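Residue-level structural notes
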Amino acid sequence: KNPDGTPYFSYVRPAWFPESNVLIHYFNDRSKTEGNLQPLLTSTVTVKYKGQLYDGTVFDSTATTGSDTVRSFALSNLILGWKLALTQMHVGDSVEIIIPYPEGYGATSSSSIRAYSTLRFGMKLVETTYELPLPAWLCRNYHFLYTAMSVYGEPPFHHFPEQSSAPKRCSF
């Protein structure tokens, strides 16, 4: 518990995945970051972090030889526990999160992380960038639209001359 008697950790159980949860503790005053950007599932996040097994064994960290570095990740490629926590954070938030094994690596081992491991992370969200996906109908019809618009001298990405194929945000 905190000195004021409130619980140290809060449950994060987002509406988009209510059967999953992580525990989170904010170290900063959230009122000072509430107007900052908040990641979406399609975002790229830049974080400082330290990952530990629940017994305190460090398995990954951005802190190397005394210097603090950051790493960037596509949020869609991360374990569910990170997705749950990061989509609730704002740029500038510093947290400690506890990730139960189903939201971590589950029944699968990953390098020094044994199967069914509860994970603990200290994390700071440094930056987030948005990459909103293009609508599926646009991606499916991109080549047709590109050809049709090119006939009239207005290719859809004429201001990006190096882009002659489908936008990278289309996944085929």
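In this report, the structure presented in the accompanying data block is examined. (Residues numbered from 1 in each chain as written. Predicted model: local features only at pLDDT ≥ 70, side-chain atom pairs only at ≥ 80, totals over all residues. Heavy atoms only, no water.)

Our focus in this paragraph is the nonpolar core. Grouped together as the largest cluster of nonpolar side chains are 28 residues, with contacts concentrated most on V47, W82, L86, I97, F121 and M123. Every element with two or more residues in this core is listed here: β2 (22-26), β3 (44-53), α1 (80-86), β8 (94-99) and β9 (119-129). Element by element, the count of residues in this core is highest for α1, at 5 residues. When residues no more than four places from it in sequence are discounted, the contact partners of L86 are P39, V45, V47, L75, L78, M123 and L125. (Core = buried A, V, L, I, M, F, W, Y, C linked by side-chain atoms within 4.5 Å. Buried < 20%, exposed > 50% of the residue type's maximum accessible area, 1.4 Å probe, protein only. Helix = DSSP H or I, 4+ residues; strand = E, 2+ residues; numbered from the N terminus. Contact = heavy atoms within 4.5 Å.)

Another aspect to go through is a nonpolar patch on the surface. Taken together, L37, L40 and Y130 make up a surface patch of nonpolar side chains, about 260 Å² in accessible area. If you trace the backbone, L37 turns up in the loop between β2 and β3. (Patch = residues over 30% accessible without salt bridge, like charges linked within 9 Å, V, L, I, M, F, W, Y side chains within 5 Å. Areas by Shrake-Rupley, 256 points an atom, 1.4 Å probe, with all protein chains shown as cover. Salt bridge = Lys/Arg side-chain N within 4 Å of Asp/Glu carboxyl O.)

With that settled, consider the side chain of Q52. Tracing the backbone through its elements, the reader meets Q52 in strand β3. Once residues within four sequence positions are removed from consideration, Q52 is found in contact with T57, V58, F59, T118, L119 and R120.

The next thing to look at is the layout of surface pockets. Quantified by volume, the largest pocket comes out at close to 210 Å³. As for the largest pocket, its lining consists of 13 residues, of which Y49, D60, W82, Y105 and F121 are closest to the centre. (1 Å grid on protein atoms, 1.4 Å probe; cavity = no way out; pocket = protein on both sides within 12 Å on 5 of 7 lines; lining within 4 Å. Points joined across faces, edges and corners; volume = space filled by probe spheres on them.)

Turning next to the pattern of salt bridges. Applying the stated criterion across every chain, the model contains 3 salt bridges. Close ionic contact of D93 with R30 constitutes a salt bridge, the shortest N to O distance being 3.7 Å. Here D93, found in the loop between α1 and β8, pairs with R30, found in the loop between β2 and β3; they are 63 residues apart in sequence, far enough to count as distant. When its relative accessible area of 30% is taken as the criterion, R30 is described as partly exposed. Of the charged contacts, one joins R120 and E96 as a salt bridge, the two residues approaching to 2.5 Å between their closest N and O atoms. Placement of the pair is R120 in strand β9 and E96 in strand β8, with a sequence separation of 24 residues.

The next thing to look at is the pairing of β8. Of all 6 residues in β8, 5 are buried, a share of seventy percent or more. The pairing of β2 with β8 spans 4 bridges and is classified as antiparallel. By the bridge assignment, I24 is partnered in β8 with I97. Where β8 meets β9, 6 bridges bridge the pair, whose relative direction is antiparallel. Residue pairing across strands places S94 opposite K124, the latter belonging to β9. (Pairing = 2+ DSSP bridges.)

Tallying each qualifying case throughout the model produces 9 aromatic pairs. When the ring of Y8 is compared with that of F9, the centres are 4.9 Å apart and the planes differ by 85 degrees; the resulting orientation is edge-to-face. Judged by centre distance (5.7 Å) and plane angle (85 degrees), the rings of F73 and W82 are edge-to-face. Per residue, the accessibility class of F73 equals that of W82, and both read buried. One aromatic cluster in this structure is built from Y49, F59, F73, W82 and F121. The ring of Y11 has R13 sitting right over it, with the charged end atom 5.2 Å from the ring centre. Positioned above the aromatic ring of Y26, the side-chain terminus of R30 is 3.8 Å from the ring centre. (Phe/Tyr/Trp six-rings, centres within 6.5 Å; stacked < 30°, edge-to-face > 60°. Lys NZ or Arg CZ within 6 Å of the ring centre and 35° of its normal.)

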